[in-house]
Amino acid sequence: MTLLPPLLVLALVLWKKEVLSALLVGLFVSELLLLVSGGAGGPVASVGLGALATIDRIVAVVADADNARVLVFALLIGSLLAFMYRSGGVAAVIDRVVGMGLVKSRRQALGLTAVTGTVIFVESNLSVLASGLLSRGLYDRYGLSRAHLAYIVDSTSAPICILILLNGWGAFVLALLGGYDLGVSSASVLWGSVPFNFYALITLAIIVYSVASGRFHGPLGRVKASEGRIGPDAHEATDGGHEYAPTRSRFMILPLLAMIFGMVGFMLWTGNGSIAAGSGSRSILYATVLGCLVAYLLLVIDRRFGHKELVEIGLKGMNDLMPVVLILLMSIAFGASLKALGTGAFIAGIVSDGMAPILIAPALFIAGALMSFFTGTSWGTFAILVPIAMPIVQTLGLPPAFILSAVLGGGVFGDHCSPISDTTIVSSLASGCDHLEHVRTQIPYALTAAAITIVAYLIAGTVVL
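Looking up the protein chain in an unreviewed UniProt entry gives the name Na+/H+ antiporter NhaC family protein, with the organism given as Gimibacter soli. According to UniProt, the comment filed for the protein chain under the heading Subcellular location (unreviewed entry) is "Cell membrane".

Written out as structure tokens, the structure is:
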């Protein structure tokens with residue numbers, strides 16, 4: 001029964017082609033199951049109480065400081081985008097990049113996105129935002145769809161963050177490993193997992209193939225450049241022209257740089273000098289506010305717009321992204337409800353004590369993939385599966401880095417492609433792509449990488465075990 005709400009959400013999304021109402025229904029069913037399991041009254045009373053519990057769960061999301069920061073950040077991104085596009089800064093950057101010969105083709109536009117997402121590994125949402133904001137106009141110029149952009153920024157954020165662990169991801173996993181005597185240090189186990197994290201490595205390999213060949217397959221290969229566009233630039237011309245005339249490139253470059261360097265600075269500040277210990281939710285919000293402030297001041301000083309006009313532009317940008325922000329709100333509430341229901345713990349139960357050693361890593365990867373896909377959280381998956389995996393390592397004497405890599409890869413799978421994952425949602429937001437379109441076109445690639453990963457763990461298991 002704990003699987004009923006996420007399965008219902010997926011069924012409704014496939015049927016109705018709409019995410020928000022599906023999440024609301026799934027959240028209600030999850031809260032109803034919680035009430036029934038707690039011995040609530042009759043059917044009519046349970047339904048009424050379930051509706052009230054659904055409202056309370058949504059309110060609890062906003063009441064949590066970290067969640068509230070993420071939601072405000074998502075709204076402010078709409079304002080930042082609006083400032084960049086309406087000022088003509090994005091058009092000016094595109095013309096300058098093309099005029100300088102830095103990007104001359106579709107492949108080079110794809111490559112720029114992949115490189116940007118790879119270099120910025122401090123925080124997954126920052127990687128997504130920087131890549132998406134920088135590349136949107138170039139994709140329009142070269143006839144690439146926003147779904148292509150969303151796929152690449154999403155596929156180079158979480159995989160890179162889990163491979164280059166000098167960030168909050170690494171700090172979190174180290175904390176989870178701290179309570180186990182594994183024969184070597186937790187840091188050695190964590191870094192040793194990198195070459196065995198087949199899902200992240202295969203995902204990046206597919207990106208390299210896609211960029212080098214310029215070829216896409218499945219739904220992503222058939223999507224048109226004009227389909228699924230959202231946000232302040234949804235009507236930007238795709239034939240090489242611009243809806244807003246080019247002005248000065250600094251109207252885009254300086255706010256973007258302020259956000260990137262501000263993120264690094266705020267991670268250091270909130271972590272008392274350590275990026276890995278910094279608060280991602282606080283830092284990304286502060287950095288986005290800084291980016292908006294820089295954009296506002298540049299436009300006021302240049303007398304491009306007055307204060308009142310900029311307020312209207314900013315509010316219009318927020319309004320353009322409101323559907324995505326509401327999806328983010330509902331997905332966070334749904335994930336919290338599923339955690340209380342025990343969905344993740346149930347999926348983790350597929351790993352049994354009597355399983356053959358060679359099957360443990362594939363089983364942990366599958367459990368992590370299912371759990372993270374249905375609940376939309378990689379960190380929550382790590383928190384549940386690491387305490388299951390490490391005692392197995394201690395009991396059977398298995399290589400801890402090899403087993404840990406399966407848990408981390410499975411968690412990244414859902415964070416990479418789950419329709420209720422915040423990273424997937426922010427990828428849609430940053431790319432200006434309809435969320436359902438992004439999920440639909442990306443899942444075949446993620447499933448392909450997952451299938452290859454399972455085979456890789458079976459083969460590697462015969463060598464390392």
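(A) Molecular detail of the overall build of the protein chain. In terms of helices and strands, the protein chain carries 23 helices and 0 strands. Over its C-alpha atoms the protein chain spans a radius of gyration of 22 Å, differing by no more than 12% from the 23 Å that the globule rule assigns to 465 residues. Pairs at least 24 apart in sequence give 78% of the contacts found in the protein chain among residues at least 6 apart. If you sum the accessible surface of the protein chain, you get close to 17,900 Å²; carbon and sulfur atoms cover 68% of it.

(B) How the structure looks around the packing of helix 21 (residues 400–417) against helix 23 (residues 435–464). Between helix 21 and helix 23, the least distance of the axes is 10 Å, while the angle of their chain directions is 175°. Compared by their axis directions, helix 21 and helix 23 come out roughly antiparallel. Of the residues in helix 23, those in contact with F402, S405, A406, F413, H416 and C417 of helix 21 are V439, Q442, I443, A446, L447, A450, Y457, A460, G461 and V464. Across the contact of helix 21 with helix 23, the residue classes tally to 12 nonpolar, 4 polar and no charged.

(C) Spatial organisation of the packing of aromatic side chains. Taken as a whole and judged by the stated rule, the model has 13 aromatic pairs. Judged by centre distance (6.5 Å) and plane angle (85°), the rings of Y151 and F216 are edge-to-face. Residue Y151 is located in helix 8 (residues 146–155), and its partner F216 is located in the loop between helix 12 (198–213) and helix 13 (219–222); the two are separated by 65 residues in the primary sequence. According to the relative accessible area criterion, Y151 is buried, its value standing at 1%. A ring pair is formed by F196 and F198, whose centres lie 6.4 Å apart and whose planes are at 90°; its orientation type is edge-to-face. With a relative accessible area of 23%, F196 lands in the partly exposed category. Judged by relative accessible area, which is 15%, F198 ranks as buried. Counting every residue linked through ring pairs, the aromatic cluster contains F196, F198, Y199, F365, F373, F374, F402, F413 and Y457.

(D) Broad picture of a nonpolar patch on the surface. Together, I358, L359, L458, V463, V464 and L465 give the surface a local cluster of nonpolar side chains, amounting to about 450 Å² of exposed area. Listed by contribution, the elements that provide at least two residues to the nonpolar patch are helix 19 (357–375) and helix 23. A total of 3 residues in the nonpolar patch trace back to one element, the largest contributor, which is helix 23. When you line up the elements, V464 lands in helix 23.

(E) View of unusual backbone geometry. Its identity is not glycine, yet N272 carries a phi of approximately 55°, on the positive side. Structurally, N272 can be placed in the loop between helix 14 (250–270) and helix 15 (280–301). Note on N272: relative accessible area 75%, which makes it exposed. Backbone geometry places R303, a non-glycine residue, at a positive phi of 60°. Assignment of secondary structure puts R303 in the loop between helix 15 and helix 16 (307–320).

(F) Representation of the environment of L138 within the structure. Here L138 is to be found in helix 7 (residues 124–141). Sequence separation between L138 and F266 is 128 residues; the distance between their C-alpha atoms is 29 Å. Apart from the residues within four sequence positions on either side, L138 is in contact with I94, V97, V98, V103 and L112.

(G) Representation of the pattern of salt bridges within the structure. Applying the stated criterion across every chain yields a total of 8 salt bridges. The partner of R57 in a salt bridge is E31, and the shortest N-O contact between them spans 2.6 Å. Of the two residues, R57 is situated in helix 3 (residues 43–63) and E31 in helix 2 (residues 20–37); the sequence distance between them amounts to 26 residues. A salt bridge links R146 to D140, with the shortest nitrogen-to-oxygen separation between them at 2.8 Å. Per residue, the accessibility class of R146 equals that of D140, and both read buried. Among the ionic contacts, a cluster of salt bridges with common partners joins R248, R250, D302 and R304.

(H) Region of interest: helix 21. The first and last C-alpha atoms of helix 21 sit 27 Å apart over 18 residues, in line with the 26 Å expected at 1.5 Å per residue. In terms of residue burial, helix 21 counts as a mostly covered element, since 18 of its 18 residues are buried.

(I) Summary view of the packing of helix 6 (residues 106–119) against helix 7. Viewed as axis vectors pointing N to C, helix 6 and helix 7 meet at an angle of 165°, and their least axial separation amounts to 8 Å. Comparing their axes, helix 7 and helix 6 come out roughly antiparallel. Like other packed secondary-structure pairs, helix 6 and helix 7 cross with a definite hand, here right-handed. Seen from helix 6, the contacting residues are A109, L110, L112, T113, T116 and G117; seen from helix 7, they are S127, A130, S131, L134, S135, L138 and Y139. Here the contact of helix 6 with helix 7 is composed, by residue class, of 7 nonpolar, 6 polar and no charged.

The rules behind the values
Residues numbered from 1 in each chain as written. Predicted model: local features only at pLDDT ≥ 70, side-chain atom pairs only at ≥ 80, totals over all residues. Heavy atoms only, no water. UniProt positions renumbered as here; feature names shortened; annotations may be inferred. Helix = DSSP H or I, 4+ residues; strand = E, 2+ residues; numbered from the N terminus. Rg over C-alpha atoms; globule rule 2.2 N^0.38 Å. Contact = heavy atoms within 4.5 Å. Areas by Shrake-Rupley, 256 points an atom, 1.4 Å probe, with all protein chains shown as cover. Axes fitted to C-alpha atoms, helices over the stretch in contact; angles between N-to-C directions. Parallel < 35°, antiparallel > 145°, perpendicular 65-115°, else oblique. Nonpolar A, V, L, I, M, F, W, Y, C, P; charged D, E, K, R; others polar. Phe/Tyr/Trp six-rings, centres within 6.5 Å; stacked < 30°, edge-to-face > 60°. Buried < 20%, exposed > 50% of the residue type's maximum accessible area, 1.4 Å probe, protein only. Patch = residues over 30% accessible without salt bridge, like charges linked within 9 Å, V, L, I, M, F, W, Y side chains within 5 Å. Salt bridge = Lys/Arg side-chain N within 4 Å of Asp/Glu carboxyl O. Expected span 1.5 Å × (residues − 1). Left-handed = near helix turned anticlockwise from the far one by under 90°.

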